[in-house]
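Tertiary structure, described
Spelled out, the chains give:
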Amino acid sequence: MFKIIHAQFIAPGIKRFVLEAPRIARKQKAGQFVILRIYEEGERIPVTIENSDPERGTISIVVQSAGKTTHLLNSLNTGDQILDVVGPLGKPSEIEKLGTVVVVGGGVGTAMAYPSAAAFKRAGNRVISIVGARTKELVILEQELRGVSDALMITTDDGSYADKGFVTDKLRQLIQNGTRIDLVLAIGPIVMMRAVAELTRKENIRTVVSLNPVMIDGTGMCGGCRVLIDNKSEFACVDGPEFDAHKVNFEVLVQRNGMYRDAEQKSLADYQLAQQAHSTRNEEHCAIAQRSER
Amino acid sequence: MSPVAKKSVNPLSPKERIKVPRQLMPEQPADERNKNFTEVNLGYSPELARQEALRCLECAKPTCTDNCPVGVKVKEFVELIVVGDFLGAAAKIREDNVLPAVTGRVCPQEDHCEGKCLLSKKVKPLGIGYLERFVADYELRMGTHVIPDIAPTGKKVAIVGSGPSGLTVAGDLIQKGHKVRVFEALHELGGVLIYGIPEFRLPKQIIREQLDYMREMGVEFETDVVVGRTITIDELMQEEGYDAVYIGTGAGLPQFMGIPGEHFNGVYSANEFLTRINLMKAYKFPTYDEPMVELHGKDVAVIGGGNTALDAIRSALRLGARKAYVIYRRSDAEMPARAEEVHHARQEGIDFQMLTAPTEFLSDGKGWLTAARCVRMELGEPDASGRRRPTPIKGSEFDLPLSVAIMAIGTTANPIVQSTTPGLGTDKRGYIQADSETQRTTRPGVFAGGDIVTGAATVILAMGAGRRAASSIHDYLTNGQW
Ligand SMILES: Cc1cc2nc3c(=O)[nH]c(=O)nc-3n(C[C@H](O)[C@H](O)[C@H](O)COP(=O)(O)OP(=O)(O)OC[C@H]3O[C@@H](n4cnc5c(N)ncnc54)[C@H](O)[C@@H]3O)c2cc1C
Ligand SMILES: Cc1cc2nc3c(=O)[nH]c(=O)nc-3n(C[C@H](O)[C@H](O)[C@H](O)COP(=O)(O)OP(=O)(O)OC[C@H]3O[C@@H](n4cnc5c(N)ncnc54)[C@H](O)[C@@H]3O)c2cc1C
Ligand code: SF4
Ligand code: SF4
Ligand code: FES
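The text that follows walks through the structure, step by step, so that each part is easy to find. (Residues numbered from 1 in each chain as written. Chains lettered and ligands numbered in written order. Predicted model: local features only at pLDDT ≥ 70, side-chain atom pairs only at ≥ 80, totals over all residues. Heavy atoms only, no water.)

A separate point is the overall build of chain A. When helices and strands are counted, chain A shows 10 helices and 16 strands. In terms of C-alpha radius of gyration, chain A reaches 19 Å, essentially the compact-globule figure of 19 Å for 294 residues. Seen through its C-alpha atoms, chain A measures out along the principal axes to roughly 55 × 45 × 40 Å. Across the 294 residues that make up chain A, the buried fraction comes to 59%. Of the roughly 12,600 Å² that chain A leaves accessible, carbon and sulfur atoms contribute 48%. (Helix = DSSP H or I, 4+ residues; strand = E, 2+ residues; numbered from the N terminus. Rg over C-alpha atoms; globule rule 2.2 N^0.38 Å. Buried < 20%, exposed > 50% of the residue type's maximum accessible area, 1.4 Å probe, protein only. Areas by Shrake-Rupley, 256 points an atom, 1.4 Å probe, with all protein chains shown as cover.)

A separate point is the pattern of salt bridges. Residue and element names in this part refer to chain B. All chains considered together, the criterion is met by 53 salt bridges over all chains. Of the charged contacts, one joins Asp299 and Arg322 as a salt bridge, the two residues approaching to 3.1 Å between their closest N and O atoms. Of the two residues, Asp299 sits in strand β7 (residues 299–303) while Arg322 sits in the loop between α14 (307–318) and β8 (323–327), which places them 23 residues apart along the sequence. A relative accessible area of 11% means that Asp299 is categorised as buried. Judged by relative accessible area, which is 59%, Arg322 ranks as exposed. Lys323 is paired through a salt bridge with Asp351; the nearest N and O atoms lie 3.5 Å apart. With a gap of 28 residues between them, Lys323 in strand β8 and Asp351 in strand β9 (residues 351–353) connect regions that are remote in the sequence. (Salt bridge = Lys/Arg side-chain N within 4 Å of Asp/Glu carboxyl O.)

All residues in the neighbourhood of ligand 4 are listed as Cys56(B), Leu57(B), Cys59(B), Thr63(B), Cys64(B), Val74(B), Cys117(B), Leu118(B), Leu126(B) and Ile128(B). Class assignment of the residues belonging to the shell around ligand 4 gives a composition of nine nonpolar, one polar and no charged. (Near = heavy atom within 4 Å. Nonpolar A, V, L, I, M, F, W, Y, C, P; charged D, E, K, R; others polar.)

Here we come to the sheet that holds strand β2 (residues 179–183) of chain B. All names here are of chain B. If you walk across this open sheet you meet the five strands as β3-β2-β1-β4-β16, and the pairing is parallel. Every other strand in the sheet has two partners, leaving β3 (220–222) and β16 (446–448) as the edge strands with one partner each. Shown here is a sheet whose adjacent strand axes are inclined to one another by a mean of 20 degrees, direction ignored. Pairing of β2 with β3, which is carried by three bridges, proceeds in the parallel orientation. (Pairing = 2+ DSSP bridges. Axes fitted to C-alpha atoms, helices over the stretch in contact; angles between N-to-C directions.)

In this assembly, 46 residues from chain B lie in contact with 44 residues from chain A. Carbon and sulfur atoms make up 54% of the area that chain B and chain A hide from each other, which totals about 3,900 Å². Joining chain B to chain A, the criterion identifies six salt bridges. For Arg26(A), the salt bridge is made with Glu235(B), and the minimal N-O distance between the two is 3.9 Å. (Contact = heavy atoms within 4.5 Å. Buried area = accessible area lost by both parts, 1.4 Å probe.)

For the rest of this paragraph, the subject is the packing of helix α5 (residues 74–82) of chain B against helix α8 (residues 128–142) of chain B. Residues and elements named next belong to chain B. Here α5 crosses α8 at 60 degrees, and the two axes come no closer than 11 Å. Regarding the angle of α5 to α8, the classification is oblique. Between α5 and α8 lies a crossing of left-handed hand. When α5 is examined against α8, the residues Val74, Phe77, Val78 and Ile81 are found in contact with a partner set consisting of Ile128, Leu131, Glu132 and Val135. For the contact of α5 with α8, the class distribution of residues is seven nonpolar, no polar and one charged. (Parallel < 35°, antiparallel > 145°, perpendicular 65-115°, else oblique. Left-handed = near helix turned anticlockwise from the far one by under 90°.)

All names here are of chain B. Direction vectors running N to C along α14 and helix α15 (residues 339–348) enclose 25 degrees, while the axes themselves pass 11 Å from each other. With respect to their mutual orientation, α14 and α15 come out roughly parallel. In this structure, α14 meets α15 at a crossing whose hand is left-handed. Residues Asn307, Leu310, Arg314, Leu317 and Arg318 of α14 form the contact with α15, whose participating residues are Glu341, Val342, His344, Ala345 and Glu348. Taken together, the residues that form the contact of α14 with α15 break down as four nonpolar, two polar and four charged.

What follows deals with the site of ligand 1. Residues and elements named next belong to chain A. Taken together, 23 residues are adjacent to ligand 1, and Glu43, Pro46, Val62, Gln64 and Thr70 come closest. At a separation of 3.1 Å, an oxygen atom of ligand 1 approaches a polar backbone atom of Thr69. Mapped by element, the contributors of at least two residues to the shell around ligand 1 are β4 (45–53), β5 (58–64) and α2 (68–73). Examining the composition of the shell around ligand 1, we find that four residues originate from one element, β4, more than from any other. The residue inventory of the shell around ligand 1, partitioned by class, reads 12 nonpolar, seven polar and four charged. (Polar contact = N/O pair within 3.5 Å; in protein donor to acceptor, adjacent residues only side chain to side chain.)

With that settled, the discussion passes to the nonpolar core. Among the nonpolar cores identified, the biggest contains 76 residues, and Phe77(B), Ile81(B), Val102(B), Leu131(B), Val135(B) and Ile473(B) are the most heavily contacted of them. Among residues more than four places away in sequence, those in contact with Val102(B) are Leu193(B), Leu202(B), Ile206(B), Ile207(B) and Val459(B). Cys225(A), Phe235(A), Ile259(B) and Ala372(B) belong to the second-largest nonpolar core, a separate cluster that totals 56 residues. (Core = buried A, V, L, I, M, F, W, Y, C linked by side-chain atoms within 4.5 Å.)

The next point concerns α5(B). Residue and element names in this part refer to chain B. All of the buried residues in α5 are Val74, Phe77, Val78, Glu79, Ile81 and Val82. Elements in contact with the buried residues of α5: α3 (46–53), α4 (63–66), α6 (86–94) and α8. Trailing α5 by a residue or two, Gly84 shows a phi angle of about 85 degrees, which is positive.

Turning our eyes to something else, we now look at unusual backbone geometry. Omega for the peptide link from Gly87(A) to Pro88(A) comes to -5 degrees, which places this bond in the cis form. Here Pro88(A) is to be found in strand β7 (residues 84–89). The peptide bond linking Phe285(B) to Pro286(B) adopts the cis configuration, its omega dihedral lying at 5 degrees. Note on placement: Pro286(B) falls in the loop between α13 (270–279) and β7. Notably, Asn231(A) is not glycine yet its phi reads approximately 70 degrees, a positive angle. When you line up the elements, Asn231(A) lands in the loop between β14 (226–229) and β15 (232–235). Positive phi values are uncommon outside glycine, yet Lys281(B) reaches one of about 55 degrees. Looking at the element boundaries, Lys281(B) is found in the loop between α13 and β7.

Moving on: the sheet that holds strand β12 (residues 183–187) of chain A. For sheets, the rule is that strands pair by backbone hydrogen bonds, running either parallel or antiparallel. All names here are of chain A. Strand order across the open sheet formed by seven strands is β11-β10-β9-β8-β12-β13-β16, with mixed pairing between neighbours. Two strands in the sheet have a free side with no partner beyond their single neighbour: β11 (163–164) and β16 (242–244). With six bridges joining them, strand β9 (residues 126–133) and strand β10 (residues 151–156) adopt parallel strand pairing. The residue bridging Ala133 from the neighbouring strand is Thr156, located in β10. Its contacts with the sheet put helix α5 (residues 167–176) on β8 (100–106), β9, β10, β11 and β12, and the angle it makes with β9 is roughly 150 degrees.

Interpretation note: all reported values are geometric properties and have no functional meaning in isolation.
In structure tokens form, the structure reads like this:
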């Protein structure tokens, strides 16, 4: 059992948890993730470690409600327990002093990119962060990223906050302005990562993406997380999750992530129906209440 | 032991014993069991067990025991069955084998004890596995096991991996008074016994009872720890004060063939397929959250001919597959699976496509598997493994329509511990080097055994390694010499 020390929505449907996990906190490096299972009948899902505090023995994660498991997770509160948390898994980000590093985060990917941005900064790089979100409320970790970036650019799809557009617009501008970029790290929805990869491929800019295939064990045992890199199968949980963006077959990733779509939708629908029936607490209300407090 | 042969408790003469037929194992009818996950074999009754036990010739030089990797004293436990002392028989087996309810069910007896039973020269060998299973189950049902009272030595041993190998080491060392803690990467204990071998061959309740017994004896278990990631071997020894470490991490990594189309939706590794079913209970979706592809009315094939392959395809059949094929590139004689499983699978209606191999997977253009392009093989000269090498027959290609294909063509070494433990020697294939008698690795205080040393093998070989390791760990902890 792993105790939730603190839980708070940071945007509608996006919640940050601080978990008691002393062994993991001691070992975590930027780019690594945990796999968790909430309760006995639950599935195992991977979530990036946003931050860790070895002293206090805690890690933090940021979770966006997608299907049943993440909805259920986001209904948990301070003091609740999570049955299993295992990690840190995956290879850490390769952090070196390169010069200028552009960190691109899309949606909840911003929280996944943040630890690497901080690590690149600590390693002495100039860090330019580009954050994209659908709309104003979904812009997360703005303050945290500002703290570790030499420059921070924000885009929203609907223009409700900062600049209207996509992260790739900002990246293109940087390239057009002649900014020397030594590395791009992009984490977010697959379409975003693919768009970034296409853009930087033409410019020959080294680009790394963090892939999110379906996982089970996270130790290389099942092979379910295999991704096609340079036309060869690699296991994202042990060989990744970060890969050279220009070698990733994104089409196969999209195809494989859709494998259980029907079952997932049924799970979520059943869950939401049950929630409506009971209607114990309403997450959206909590989120709105928190937003108006700010 | 007295040099004079003591009088046999068996009332039958050797001639009469040979005339008693091998007692059949009662089993669920094939056309019922291929739709459920309940155990196929139902087990001997006490009468059947006694009848079977009477067949043993009580050989002066029991070749059965010589051919059991842990040296179970077959003749002696069988004698105890003859006199009706079933608990005594169980205790006798336990002197050499801590998991008799498991080995009685899953050992490839034809390659070990039964393969060399003297009876098999004339008639069918003694049903040693069936008898072992009978007494172990009897003991479990009676719920009598003694918790030995042992003086603590003050030494601490960490065991990495809770498969049969690690559990054997834990069971042996706790009885020597050492403090033992088992670290397991997954959320459930038992290794392949839990996530690999399905319920219909090895009920999970048996493993749970064994684990409870070990807990009662004082073994500590910690799940959700990936040694090498969550904590390293060096940290266990230097920071957490373990005096010795045993590595039993198994040969976990699934291999793929590297043929086109292996990434299509519907192509699984056997590990993933079986893990979804056994560990995550995907077959109980939506009660359990883990999904898997719908198998009802679908055509499914497994590629491979080992126990893993048969477990996967028989599971698929139980989940409603319309056609269930085994695609194996060699012939019957070379199939590595246990003889009983092949027999059961045939009875259940599995279609064996022997001397056949896939060369490519085909899809519907949207990424979903629709067929395997296969080629027929013929056997040529023996290869490095001594088995005749299969070679494709020109022009024999055909397409087998499939919705799901399961790859069960073998595994490779799990590298996480090796890559994070400086100075730990490995062989060419990445398996850990360990002395075949002491199970010592190249790192003082660190021992290893089971599949992570030998490559994918069997439960009883993994347990045999565990047994040798426990004894040499005890020596090391007692005299401090490496
Ligand atoms: C290395 C890695 C790090 C991740 N980090 C984060 C993070 O920090 N925050 C966050 O909110 N999300 C993260 N994710 C994604 C997260 O794991 C999925 O959103 C979650 O599994 C969805 O589960 P669900 O039941 O809520 O949704 P479902 O309805 O099951 O699925 C929704 C989507 O999530 C994907 N998905 C489903 N099951 C899994 C699974 N077992 N493993 C991976 N993806 C799955 C599916 O492709 C599907 O499109 C990460 C994924 C990976 C692989
Ligand atoms: C489907 C299937 C069917 C089989 N059928 C038979 C059969 O009928 N008869 C037979 O004799 N043999 C059979 N085998 C083979 C047999 O199961 C194995 O040889 C045996 O389990 C090996 O035991 P082990 O203890 O070495 O490893 P495993 O059983 O593989 O256990 C290793 C354990 O270590 C854990 N682990 C791995 N890495 C780490 C880490 N870094 N930190 C912590 N824990 C870790 C794993 O999660 C696992 O629980 C079968 C195998 C499979 C896959
Ligand atoms: S442990 Fe296995 S090989 Fe040994 S006697 Fe028992 S069934 Fe036979
Ligand atoms: S070899 Fe067969 S007959 Fe002889 S003692 Fe062993 S089990 Fe009995
Ligand atoms: S999640 Fe099973 S191998 Fe990566």
